[in-house]
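# What the coordinates show
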Amino acid sequence: SAPSGGGGVVVTRRIHRYRGLVGATVGLVAAGVAAGRPTLLLAALVPLAFVVQGAVSSLSPLDGRVRVEREIRPETPLPGQPVEVTLRVTNVGESAMPDLRVRDGVPRELGISEGDPRAGDALRSGETLTATYTLTANRGSYAFRPVTLRAGAVSGTVVTEASVEADGVTEFDCRI
C-alpha cells in the first residue's frame, strides 16, 4: 500500500488563520500613536502574538504521512442489507499529528443508518484512527468519493487539507 492511499493526494491546501489580525494590530498601533495612549500600543501585542505564532507555525504536508484503507462487509451486499464500512487512517510518518480529522467520501446516493463517517484525534507515529459506519444500499453500483483529511498544528494556526483515494474498496455492487 502506498503511504498516501491508493490514488495519492488529490488536493493539498494550507490555511493560515488569524491573517485578519494584522489589520487589528495596525489599527491599535495607529490609534495608540495618534491618541498618545500606551495602553492601546500594549493592546496591539495581543493580536500581534497570534499573527507571529501563525507565521512561525509549520506543518508538514500529508503526502507520505498517512495510509488510508477502507473495507466493507459484506463485499457484495443484497439490496436492503446493511453494509458496514471501516475506514482506517494510520500515521506512517516519523512525527505525531496533534490534530487529524477524517471524513470518508460516502457515495452520494446512500444514507448512513448507523455510526459516523468522520473521526478525529491526535495520532502518534504508528497509531491508527478508525471510523466505522453502516450504509443501507439499494440495487445498483456505488463509488466512494475521496477521503478528506485535515491536519492541524499544535497551535491551531496552520491547517493542511488533502483528499486521497483510499486503498481497498473504492466501489461496490448491490445486487441479487
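Above this text is the structure in question.
The present account deals with the structure reproduced in this document. (Residues numbered from 1 in each chain as written. Predicted model: local features only at pLDDT ≥ 70, side-chain atom pairs only at ≥ 80, totals over all residues. Heavy atoms only, no water.)

## Remarks on the nonpolar core
Let me state the cut-off plainly: For the purposes of this section, nonpolar cores are sets of buried Ala, Val, Leu, Ile, Met, Phe, Trp, Tyr and Cys residues that join through side-chain atoms within 4.5 Å. We call a residue buried when its accessible area falls under 20% of the maximum for its residue type, exposed when it is over 50%, and partly exposed in between, using a 1.4 Å probe and counting protein chains only. Here a residue-residue contact requires only that any non-hydrogen atoms of the pair lie within 4.5 Å.
Among the nonpolar cores identified, the biggest contains 18 residues, and Val68, Leu87, Val89, Leu100, Val102, Val147 and Leu149 are the most heavily contacted of them. Ignoring sequence-local partners within four residues, the contact set of Leu100 consists of Val89, Ala119, Gly120, Asp121, Leu123, Leu129, Arg150 and Ala151. In this structure, Ile72, Val106, Phe144 and Phe172 belong to the second largest nonpolar core, which totals 13 residues.

## Brief notes about the pattern of salt bridges
To keep it simple, the criterion reads: Salt bridge criterion: a side-chain nitrogen from Lys or Arg within 4 Å of a carboxyl oxygen from Asp or Glu.
Applying the stated criterion to the full structure yields eight salt bridges. Note that Arg118 and Asp116 form a salt bridge whose closest N and O atoms lie 3.1 Å from each other. Residue class for Asp116 comes out partly exposed when judged on its relative accessible area of 29%. Connected through salt bridges with shared partners, the residues Glu71, Arg73 and Arg88 form a single ionic network.

## Focus: the sheet that holds strand β11 (residues 167-168)
Put simply, the test is: Being paired, for any two strands, means DSSP has found at least two bridges between them. A run of H or I in DSSP becomes a helix once it reaches four residues, and a run of E becomes a strand once it reaches two; helices and strands are each numbered from the N terminus.
Spatial ordering of the open sheet is given by β5-β7-β3-β2-β11, a layout of five strands whose pairing is mixed. Edge positions in the sheet fall to β5 (111-115) and β11, since each of these pairs with one other strand and no more. As paired strands, strand β3 (residues 82-91) and strand β7 (residues 128-136) are joined by nine bridges and run antiparallel to one another. For Arg88, the partnering residue across the bridge sits in β7 and is Thr130.

## Here we look at the side chain of Asp104
Condition: Here a polar contact means two N or O atoms within 3.5 Å. Within protein one must be a hydrogen donor candidate and the other an acceptor candidate, and residues neighboring in sequence count only if both atoms are side-chain atoms.
Tracing the chain through its elements places Asp104 in strand β4 (residues 97-105). Of the polar contacts made by the side chain of Asp104, one reaches the side chain of Arg70; its length is 2.7 Å. Of note is the side chain of Asp104, whose polar atom sits 2.6 Å from the side chain of Tyr133. Ignoring any residue separated from it by four or fewer positions in sequence, one finds Asp104 in contact with Arg70, Val85, Leu87, Pro117, Tyr133, Phe144 and Val147.

## Considerations on the packing of helix α1 (residues 21-35) against helix α3 (residues 45-56)
Stated formally: In this analysis, axes come from line fits to C-alpha atoms, helices being fitted only over the stretch in contact, and the angle between any two N-to-C directions falls in the range 0 to 180 degrees. When the near helix sits turned anticlockwise from the far one by under a right angle, the crossing is termed left-handed; a clockwise turn instead gives a right-handed crossing. Residue polarity follows a fixed list, in which Ala, Val, Leu, Ile, Met, Phe, Trp, Tyr, Cys and Pro are nonpolar, Asp, Glu, Lys and Arg are charged, and the others, Gly among them, are polar.
Orientation of α1 relative to α3, taken along the N-to-C sense of each, is 145°, at an axis distance of 8 Å. The interaxial crossing formed by α1 with α3 has left-handed handedness. For the pair α1 and α3, contact is made by Leu21, Val22, Ala24, Thr25 and Leu28 and by Pro47, Leu48, Phe50 and Val51, respectively. Within the contact of α1 with α3, the residues separate by chemical class into eight nonpolar, one polar and no charged.

## Quick word on the packing of aromatic side chains
Here is the rule we go by: Note on aromatic contacts: the rings of Phe and Tyr and the six-membered ring of Trp form a pair at centre separations within 6.5 Å, being stacked when their planes are under 30 degrees apart, edge-to-face when over 60 apart, and tilted otherwise. Charge over a ring is defined by NZ of Lys or CZ of Arg lying within 6 Å of the ring centre and within 35 degrees of the ring normal.
Under the definition given, this model contains two aromatic pairs. A ring pair is formed by Tyr142 and Phe172, whose centres lie 5.6 Å apart and whose planes are at 40°; its orientation type is tilted. Separated by 30 residues along the polypeptide, Tyr142 in strand β8 (residues 140-143) and Phe172 in strand β12 (residues 171-174) bring together distant segments of the chain. Note on accessibility: Tyr142 and Phe172 belong to one class, buried. Relative to Phe172, the ring of Phe144 has its centre 6.0 Å away and its plane inclined at 40°; by these criteria the two rings are tilted. With Phe144 in the loop between β8 and β9 (145-152) and Phe172 in strand β12, this residue pair connects regions lying 28 residues apart in the sequence. Taking relative accessible area as the criterion, Phe144 reaches 6% and is therefore assigned buried. Phe172 gets classed as buried once you look at its relative accessible area, which sits at 3%. An aromatic cluster of at least three residues, connected via ring pairs, comprises Tyr142, Phe144 and Phe172. One residue, Arg70, lies across the ring of Phe144, its end atom 4.1 Å from the ring centre.

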